[in-house]
Amino acid sequence: VFLNKSQNQKILIDRKWIHGMTPEVLSNLHRLHNVLTIKLIRCGGTFRWKGHWFANMDMLITTDPLDVHHVLSKNFANYPKGQKYRNLFDIFGDGIINIDGRLWEIHRKTIMSVFKQHNFQSVFEAIVWNKVERGLLVVLESTSKTSMEIDLQDIFQRFTFDTICKLLLDYDPQTLSLDFPNIPCEKAWVDITEGMLYRHLFPPIFWKLQRLLKMGNEKKLSDAYNTVDDFVSKCLAGIQNEPSNMESEHVHENFELVESLITEYKNQSGTSGDTKKFIRDTIVTLMGAGRDTTSTTLSWFFYLIAKNPIVEDKIRDEIHTFLVVNIGDRKWNSKDVGKLVYLHGALCEALRLYPPVPFNHKTPLQPEILPSGHHVSQNTKIILYYYGMGRMEKIWGEDCREFKPERWISEKGGIKHEPSYKFVAFSGGPRTCLGKDMSFTQLKIVASMIIYHYHIELMEGQPVFPSASMVLQMKHGLKVRLSKIR
Ligand code: HEM
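Now for a description of the structure that goes with this document. (Residues numbered from 1 in each chain as written. Predicted model: local features only at pLDDT ≥ 70, side-chain atom pairs only at ≥ 80, totals over all residues.)

**Remarks on the overall build of the chain**
Turning to step 1, where the next piece is worked out: If you tally the helices and strands in the chain, you get 19 helices and nine strands.
Turning to step 2, where the next piece is worked out: Looking at the 486 residues of the chain, the share that counts as buried comes to 39%.
Turning to step 3, where the next piece is worked out: Of all intrachain contacts in the chain linking residues separated by at least 6 positions in sequence, the fraction that spans at least 24 positions is 73%. (Helix = DSSP H or I, 4+ residues; strand = E, 2+ residues; numbered from the N terminus. Buried ≥ 20, exposed ≤ 12 C-beta atoms within 10 Å, placed from the backbone. Contact = placed C-beta atoms within 7 Å.)

Here it is as structure tokens:
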């Protein structure tokens, strides 16, 4: 989990990382999480990062659960997202992730109300099962027959892209198929999440100039934005044609997500005007929020499973006891899979050690002193460092770096609840993730089906570490070979 503490690293941590962005630091960006975590452990869980004077950077990086609780919940009103946040995440426009106040309340109520509709949940589950059976298992079956090396992260990215597009836009681009087609919008999200991290690391004047000159990171970002916008607007206009063989055998119910969003938005906001912008921003936001987070969780989960064969066996035993023996020949459904407690614990462990959103940042409206004793002002960027929190002994105990699903099982054999300021993968407080339940449904269906049918072997010698991105993707993917069990 950690780098060894060589002399070189010590210099890197103490001088370069803390004082600014040098070329050496930039070329080591992929080590960001290890370096920051080591520093945080040494500093007792929080430290201040003062950048170069021109960067006007005053960052407080914290893993203190009391700080997290304070910022996300207790003093929520003092920590709106604000204009600077919107500038960084401009791709999402006025989507829920970017907005504050009354507009945010309207968006949140609108989305919550749509997600709670019975039809929505059953259609979502049907889309996921359909993609597992007609996409994922078909690809895995074919590659396992020839013992072919595959990039599991790429497969999960395609899987979640197809399912989120079908759910949001009623269009399945079928990026997960045997010929692994190149669909620009699917890969554009990787450029977006990486490009946004760069924006966080440089002073706005720097990246705004790059944007004006259409060069470097900003050129890549703007191309990716155009690709996503083009894709979404064509889908919304009904221009994309769905290949005819994808008519799902599962999706019987009639549910139009865009229609439902418009109806709910009009109810909540009391307006009857143009909803075009609301729909564009909401669809792009939900695509961004739901796609890479879920595929990243699956990638780290299977990495950890491949490294921990005892856990793999226990999950397979649980599947056998609860599903195969109890259910017999009937096809499993989402409720059945939802009963797998040990699998749930293993997924929570993956999310604890590798939270797909590794940090969140906030700036106070009014200066104040955080529970950890640090003074913060309107110039302070508070980084709530979720990745580091999973590796703090103070929070999770001495075995915090171990992958132990048992941590999540209560004495009675149920799921142990941890407060959201400790288990932070889905954030917490009034802005807690709206897709948590959906994600667990999807994660459990995919994980149980793969583990039931296949054993996964990691390709030796491959470097597996997070990329420098807003989402904790693996920089070089996850190369594996599958062998069929049943
Ligand atoms: C494993 C999967 C997921 C993880 C780890 C995750 C994590 C998070 C986190 C950390 C936030 C807070 C972001 C912030 O405040 O800036 C968030 C917000 C949000 N998530 Fe998720 N998410 C996941 C899946 C999903 C899915 C599948 C959807 C829906 C398609 C979704 C919808 C949202 C929305 C709408 C918000 C904004 C809530 C608000 O600002 O009020 N998420 N998520």
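Following the structure, the description resumes.
**Quick notes on the sheet that holds strand β4 (residues 360-362)**
Turning to step 1, where the next piece is worked out: Judged by pairing direction, the sheet is mixed, and its four strands sit side by side in the order β1-β2-β7-β4 without closing on themselves. Of all the strands in the sheet, the pair left with one neighbour each is β1 (46-50) and β4. With strand direction ignored, the average angle separating the axes of adjacent strands in the sheet is 25°.
Turning to step 2, where the next piece is worked out: Sheet strands in contact with helix α3 (residues 32-43) are β1 and β2 (58-62), and its direction is about 120° off that of β1. (Pairing = 2+ DSSP bridges. Axes fitted to C-alpha atoms, helices over the stretch in contact; angles between N-to-C directions.)

**Re the site of the ligand**
Turning to step 1, where the next piece is worked out: The local shell around the ligand holds 22 residues, among which G290, T293, S427, C433 and G435 are the closest.
Turning to step 2, where the next piece is worked out: For the shell around the ligand, the elements supplying multiple residues, two or more each, are α6 (101-116), α13 (276-307) and α19 (436-453).
Turning to step 3, where the next piece is worked out: At six residues, α13 tops the list of elements feeding residues into the shell around the ligand.
Turning to step 4, where the next piece is worked out: Of the residues in the shell around the ligand, the class split is twelve nonpolar, eight polar and two charged. (Near = placed C-beta within 6 Å. Nonpolar A, V, L, I, M, F, W, Y, C, P; charged D, E, K, R; others polar.)

**Side note on the pairing of strand β9 (residues 479-484)**
Turning to step 1, where the next piece is worked out: Where strand β3 (residues 150-151) meets β9, two bridges bridge the pair, whose relative direction is antiparallel. Each bridged residue has a counterpart across the sheet, and for I150 the counterpart in β9 is V480.

**Here we look at the packing of helix α14 (residues 309-327) against α19**
Turning to step 1, where the next piece is worked out: Viewed as axis vectors pointing N to C, α14 and α19 meet at an angle of 100°, and their least axial separation amounts to 10 Å. The angle between α14 and α19 places the two elements in the roughly perpendicular class. Residue-level contacts link E312, I315, R316 and I319 of α14 to S448, I451 and Y452 of α19.
Turning to step 2, where the next piece is worked out: Of the residues that constitute the contact of α14 with α19, the class distribution is four nonpolar, one polar and two charged. (Parallel < 35°, antiparallel > 145°, perpendicular 65-115°, else oblique.)

**Digging into the sheet that holds strand β8 (residues 454-458)**
Turning to step 1, where the next piece is worked out: Overall, antiparallel pairing links the three strands, which are arranged β3-β9-β8 in an open sheet. Of all the strands in the sheet, just β3 and β8 have a single pairing partner and so form its edges.

**Let's talk about the nonpolar core**
Turning to step 1, where the next piece is worked out: Residues L168, F301, Y385 and Y386 are the most contacted members of the largest nonpolar core, which totals 113 residues.
Turning to step 2, where the next piece is worked out: Looking at which element gives the most residues to this core, the answer is α13, with twelve residues.
Turning to step 3, where the next piece is worked out: Setting aside residues up to four positions removed in sequence, L168 forms contacts with L257, I283, L286 and M287. (Core = buried A, V, L, I, M, F, W, Y, C linked by C-beta atoms within 7 Å.)

**Overview of unusual backbone geometry**
Turning to step 1, where the next piece is worked out: For Q174, which is not glycine, the phi dihedral falls at a positive 50°.
Turning to step 2, where the next piece is worked out: Counting through the fold element by element, Q174 comes out in the loop between α8 (152-169) and α9 (184-201).
Turning to step 3, where the next piece is worked out: You will see that K214, though not glycine, has its phi angle at about 50°, which is positive.
Turning to step 4, where the next piece is worked out: On the secondary structure map, K214 appears in the loop between α10 (204-213) and α11 (216-236).
Turning to step 5, where the next piece is worked out: A tally of 10 C-beta atoms within 10 Å means that K214 is categorised as exposed.

Everything listed here is a matter of coordinates, which is why it stays silent on function.
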